[in-house]
Amino acid sequence: DTEVTQTPKHLVMGMTNKKSLKCEQHMGHRAMYWYKQKAKKPPELMFVYSYEKLSINESVPSRFSPECPNSSLLNLHLHALQPEDSALYLCASRSGFGQGRYEQYFGPGTRLTVT
Amino acid sequence: EDQVTQSPEALRLQEGESSSLNCSYTVSGLRGLFWYRQDPGKGPEFLFTLYSAGEEKEKERLKATLTKKESFLHITAPKPEDSATYLCAVQVRGSTLGRLYFGRGTQLTVWP
């Protein structure tokens, strides 16, 4: 099973709202990623968690706040977003480093619209 | 600077008309090259990983190959359901935590 799940599928929020995106995987993967994807562009890396620790933050604005409660779950907390933050938000996971498998598996994404 | 370039940007094929998509890369050292399929509004679906020049992988109508400078995704006798954007990504040796460098994708349309 190579499934990564994301909820919700769609989210509309105002600029003053607080919301959260959730991601879950049960493949035993120890690296999890958040990406942002705009239309007709490739995914753009935002955050990387390795063994539940934040390891990479690609200079993402503080209105995006990631959290990794355990090895299977990844959250992205959203606050005071701007309309330009509207995009498809993707979660991905891969097996731990040094285990010889490098591919990342993506979830279906959350389509976020900021009004 | 590490770079990944895909061509063409868009490709229209008639059903049954075989063709190839190209992914060229310039990186300091390749750890792996990945092909993904992405349908509109959905997450990328993993297709193949290639690790070294000369390697080939196949799945149904798709065949991926790798040289020292580029990869090809060959589509044999495509069907309309093969219509999607195909993304190529590379991981560089020594890269931090599996960072992927993506190409901009090839949008494939197969018409009946």
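Look above for the structure.
Remember, predicted model here, so these are calculated numbers, not experimental data.

Colleague: How should the overall build of chain B be read in this particular structure?
Modeller: Secondary structure summary: chain B contains zero helices and 11 strands in total. Counting from the amino terminus, chain B carries its helices and strands in the arrangement β-β-β-β-β-β-β-β-β-β-β. On C-alpha atoms alone, chain B measures out to a radius of gyration of 14 Å, which is about the 13 Å that the 2.2 N^0.38 rule sets for 112 residues. Oriented by its inertia axes, the alpha-carbon framework of chain B measures out at about 45 × 30 × 20 Å. Per-residue burial for chain B yields a buried fraction of 47% across its 112 residues.

Colleague: It is not clear to me how the interface of chain B and chain A should be interpreted in this structure. Could you clarify?
Modeller: Interface size is often expressed as the accessible area that is lost when the parts come together. Taken together, the 22 residues of chain B in the interface contact 27 residues of chain A. The largest per-residue losses of area from chain B upon contact with chain A belong to B:L97, B:R99 and B:F102, which jointly make up 30% of the total buried on that side. In this assembly, chain B and chain A are joined by one salt bridge. A salt bridge links B:R99 to A:E58; the nearest nitrogen and oxygen atoms lie 3.0 Å apart. Counting every contact that joins chain B to chain A gives seven residue pairs in polar contact (both at pLDDT 80 or more). When residues of the side of chain B that touches chain A are traced back to their parent elements, those giving at least two are β4 (30-38), β5 (45-50) and β9 (84-92) of chain B. Of the residues contributing to the side of chain B that touches chain A, the split by class is nine nonpolar, nine polar and four charged.

Colleague: Sorry if this is basic, but what is going on with the sheet that holds strand β1 (residues 4-7) of chain A here?
Modeller: Across a sheet, paired strands are connected by hydrogen bonds in the backbone, their directions being either parallel or antiparallel. Residue and element names in this part refer to chain A. On the basis of which strands lie adjacent, the open sheet formed by four strands has the order β1-β3-β8-β7 and antiparallel pairing. Across the chains shown, the open sheet's two edge strands, defined by having one partner strand only, are β1 and β7 (64-70). Pairwise comparison of adjacent strand axes, ignoring direction, gives a mean angle of 20 degrees for this sheet. Two strands pair when backbone bridges link them, and strand β3 (residues 18-25) and strand β8 (residues 73-79) are joined in this way by seven bridges, in the antiparallel orientation. Residue pairing in the sheet places C23 in a bridge with L74 of β8.

Colleague: Please clarify how the environment of B:S71 should be interpreted in this entry.
Modeller: Residue and element names in this part refer to chain B. On the secondary structure map, S71 appears in strand β8 (residues 70-75). Judged by its relative accessible area of 0%, S71 is buried. For S71, the contacting residues outside a window of four places in its chain are L21, N22, C23, L33, W35, L50, T65 and L66. Side chain to side chain, S71 and W35 meet in a polar contact 2.9 Å long.

Colleague: So what exactly am I meant to see when it comes to the nonpolar core here?
Modeller: Core analysis: the biggest nonpolar cluster contains 43 residues, and A:W34, A:Y35, A:F64, A:L76 and A:L78 have the highest contact counts within it. With six residues, the single largest contributor to this core is strand β9 (residues 87-94) of chain A. Those residues in contact with A:L76 that lie beyond four places of it in its chain are A:K19, A:S20, A:L21, A:W34, A:M46, A:F47, A:F64, A:S65, A:P66 and A:Y89. B:C23, B:W35, B:L50 and B:A84 belong to the second largest nonpolar core, which has 23 residues in total.

Reading the values: the criteria
- Residues numbered from 1 in each chain as written.
- Chains lettered and ligands numbered in written order.
- Predicted model: local features only at pLDDT ≥ 70, side-chain atom pairs only at ≥ 80, totals over all residues.
- Heavy atoms only, no water.
- Helix = DSSP H or I, 4+ residues; strand = E, 2+ residues; numbered from the N terminus.
- Rg over C-alpha atoms; globule rule 2.2 N^0.38 Å.
- Buried < 20%, exposed > 50% of the residue type's maximum accessible area, 1.4 Å probe, protein only.
- Contact = heavy atoms within 4.5 Å.
- Buried area = accessible area lost by both parts, 1.4 Å probe.
- Salt bridge = Lys/Arg side-chain N within 4 Å of Asp/Glu carboxyl O.
- Polar contact = N/O pair within 3.5 Å; in protein donor to acceptor, adjacent residues only side chain to side chain.
- Nonpolar A, V, L, I, M, F, W, Y, C, P; charged D, E, K, R; others polar.
- Pairing = 2+ DSSP bridges.
- Axes fitted to C-alpha atoms, helices over the stretch in contact; angles between N-to-C directions.
- Core = buried A, V, L, I, M, F, W, Y, C linked by side-chain atoms within 4.5 Å.

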